[in-house]
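# Descriptive analysis of the structure
Given next are the chains, with one letter for each unit.
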Amino acid sequence: MNLADSATLCASLITRGYRRVAEEKDADLIVLNTCSVREKAEDRIMGRLGEIKGFKDTRPGMKIAVVGCMAHRLGKDLIQRVPQVDYVLGTDRLFELPDLLEGLEGTSGVMTAFGHENIDDIQPTLENAHSGFVTISRGCENFCTYCIVPYVRGKERSHSADHIIEAVRKMVDEGAVEVTLLGQNVNSYSFEGMDFPDLLQRVAAESGCQRIRFMTSHPKDLSEKLVETIAAEPKIMPHIHLPLQSGSNRVLKRMGRVYSYDHYRGIVENIRSKLDYVTLTTDLIVGFPSETLEEFEMTLAAVRDIQYDSAFMFRYSVRSGTTAAGFDDDVSEHEKIRRLNELIALQQQVSFERNQREVGEIRYSVVEGPSRRSEQFARARTEGNKTVIFEMDRIDEGTVVPVRITSADAFTLHGEPVETN
Ligand code: SAM
Ligand code: SF4
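Starting from 1, residues in each chain are numbered consecutively following that chain's sequence as written. All chains are assigned letters beginning at A, and all ligands numbers beginning at 1, according to the order in which they are written. Restriction of local features to residues with pLDDT of at least 70 applies here, the model being predicted, together with a cutoff of 80 or more for giving and counting side-chain atom pairs; totals for whole chains, interfaces and linings are based on all residues. Remark: hydrogens and water are excluded; side-chain values derive from all non-hydrogen atoms of the structure.

Turning next to helix α2 (residues 39–52). Secondary structure is summarised from DSSP: a helix means a run of H or I of at least four residues, a strand means a run of E of at least two, and numbering begins at the N terminus for each. A helix's residues, less one, multiplied by 1.5 Å, set its expected span. Here α2 spans 20 Å end to end across 14 residues, near enough to the 20 Å set by a 1.5 Å rise per residue. For every residue, the accessible area obtained with a 1.4 Å probe (protein chains only) is divided by the maximum for its type, and the residue is called buried under 20%, exposed over 50%, and partly exposed between those limits. Every buried residue belonging to α2 is among E42, I45, L49 and I52, and all of these are buried. For α2, the angular spread of the buried residues around the axis is 80 degrees, confining them to a single face. Exposed side chains of α2 directed beyond 90 degrees from the buried face belong to K40 and R44. Contacts from the buried residues of α2 go to β1 (29–34), α3 (55–58), β2 (63–68) and α4 (69–74). Read the arc as the range of directions from the helix axis to the C-beta atoms. Here, two residues are considered to be in contact whenever any of their heavy atoms come within 4.5 Å of each other.

Following this line, the structure appears as structure tokens:
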């Protein structure tokens, strides 16, 4: 979502006459769009500010703006901590930066209040030549006990379906082959009686987009109708990101996730029975307050049982102001790291096995650019959102190539282009 917001803000600045420069030290304006989900992300921003603030000595007119979640959370404290920062704009205010810079709305340096944005005024832009993100809903009100998002992104509100379709259509006109619809919980999208499956159907029918993706799905709201919609519409890519967080019912309850492992398992079985081919990915947290070794092992068992194609795995990080910040953070850092490493090693093995099942199959893949190792090899994205590498004479970004998968490791597929009728 931050990538999407950054691309939109950047495009809006460019229309006002700004252009990108190669090096930060030569910029008139540096914008840091920030994340607050884990402490590490915030530490990194403080580190970056430490590096950047010195540039002002040699370029006194330079402006520094910190925007997004961390800006919302810290507000004016951020300017107190780093006086070189000129603007602090929260998640609802970052799109006002171009106006602020032109002095149209005064010169107030800190703006973090919610409720100021007309969300349908936000015009998403392409992330790169062939794909883009379109935010369909902002904010979240699930209040999972560990999570800062509801506090820094505010109440959930959905964009109008017309606005979304228009945004996707514009991206397609600009060359997008793939568009990802974004929301903290896309499954609770609701606008004038339209739910998420209806929206997907409309985007597929009206936008001209060849490949539609979406994330993230909260298990509590993933409906049968959604699964049927994906099964019936080939333009919707068969990849579902379905965060489990923990394999233990007690921990899930304490996290405020409002589903049990059995319920989650049932959703997965249903998805796999209705879709011929689907990839499943997830988010997992280890070391949540009071998580016992046995409960951690339930997460390992869930990973073995469900067989995810890949996973984002995190060690629990206390976020001040959340409900879980009031719990005793009693799993030591050392033990959190140990559990995380064990989980990562297991998931790698599972990813390897899942990827082996792709060998021999043909995957229609969008070329994203040359592979990191060689200009003669293309890097492309399969329908299931996996990276595939194959030889290509002229790297033609944005083309969809049928690729037969010939080998795979835990992270990447390798293949060869094939002729199809
Ligand atoms: N809305 C999405 C959902 O409900 O799955 C996820 C959004 S959150 C920004 C992305 C992931 O970060 C979460 O799924 C969770 O695994 C992880 N996360 C959030 N808060 C965390 C915390 N305090 N410590 C560690 N990981 C956290
Ligand atoms: Fe955070 Fe839970 Fe909302 Fe996801 S659903 S953003 S984890 S509060």
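Now, onward.
Those residues of helix α9 (residues 196–206) that sit buried are F196, P197, L199, L200, V203 and A204. Taken around the axis of α9, the buried residues stretch over an arc of 160 degrees, which confines them to a single face. Where the residues of α9 are buried, they touch α8 (161–173), β8 (178–182), β10 (194–195), β11 (211–215) and α10 (224–232). Pairs of N or O atoms are called polar contacts if they sit within 3.5 Å, as long as, within protein, a hydrogen donor faces a hydrogen acceptor (for residues adjacent in sequence, only side-chain-to-side-chain pairs). Its side-chain oxygen placed 3.0 Å from the backbone nitrogen of D198, D195 serves as the N-cap of α9. Just past α9, the residue G208 takes up positive phi, approximately 80 degrees.

This brings us to the packing of aromatic side chains. By convention, a stacked pair of Phe, Tyr or Trp rings (six-membered ring in the case of Trp) has centres within 6.5 Å and planes under 30 degrees apart, an edge-to-face pair has planes over 60 apart, and any other such pair is tilted. Scanning all chains against the criterion turns up six aromatic pairs. Judged by centre distance (6.0 Å) and plane angle (40 degrees), the rings of Y259 and Y264 are tilted. Relative accessible area serves as the criterion here: at 7%, Y259 is assigned to the buried category. Ring plane angle 75 degrees and centroid distance 5.3 Å describe the contact between F288 and Y316, whose orientation is recorded as edge-to-face. Here F288, found in the loop between β13 (279–286) and α13 (293–306), pairs with Y316, found in the loop between β14 (310–315) and α14 (333–356); they are 28 residues apart in sequence, far enough to count as distant. Summarising the burial analysis for this pair, F288 and Y316 share the class buried. Put simply, the rings of Y146, F288, Y316 and F327 touch in pairs and so form one group of aromatic residues. Over the ring of F314 we find R38, and its NZ or CZ is 3.7 Å from the ring centre. Whether a charge sits over a ring comes down to the Lys NZ or Arg CZ being within 6 Å of the ring centre and within 35 degrees of the ring normal.

Strand pairing is assigned whenever DSSP detects at least two bridges linking the two strands. On the basis of which strands lie adjacent, the open sheet formed by three strands has the order β12-β13-β14 and parallel pairing. Each edge of the sheet is formed by a strand with only one pairing partner; in this case those strands are β12 (239–241) and β14. When the angles between neighbouring strand axes are averaged without regard to direction, this sheet yields 10 degrees. As paired elements, β12 and β13 share three bridges and run parallel to each other. In the strand pairing of β13, H241 is matched with T281. Contacts from α14 reach β13 and β14 within the one sheet, and its direction differs from that of β14 by about 175 degrees. Fitting a line to C-alpha atoms yields each axis, with helices limited to the stretch in contact; the angle taken between N-to-C directions then spans 0 to 180 degrees.

To continue, consider the site of ligand 2. Surrounding ligand 2, one finds C140, N142, F143, C144, Y146, C147, V149, P150, Q184, H218 and R257. In terms of residue class, the shell around ligand 2 is built from seven nonpolar, three polar and one charged. Working definition: residue near molecule or strand if any one of its non-hydrogen atoms lies within 4 Å of it. In this count, Pro and Cys sit with the nonpolar residues alongside Ala, Val, Leu, Ile, Met, Phe, Trp and Tyr, while Asp, Glu, Lys and Arg are called charged and the others, Gly among them, polar.

As a further point, take the pairing of strand β16 (residues 377–381). Here four bridges tie strand β15 (residues 362–370) to β16, and the two strands are oriented antiparallel to one another. Bridged to V367 within β16 is A380. As consecutive antiparallel partners, β15 and β16 are separated by six residues. Direction of pairing for β16 relative to strand β17 (residues 387–391): antiparallel, over a ladder of five bridges. What sits directly across from A380, in β17, is V388. Turn length for the β16-β17 hairpin, with the two strands adjacent in sequence and antiparallel, is five residues, and the turn residue N385 shows positive phi of about 75 degrees.

Geometric descriptors of this kind do not, in isolation, establish any biological role.
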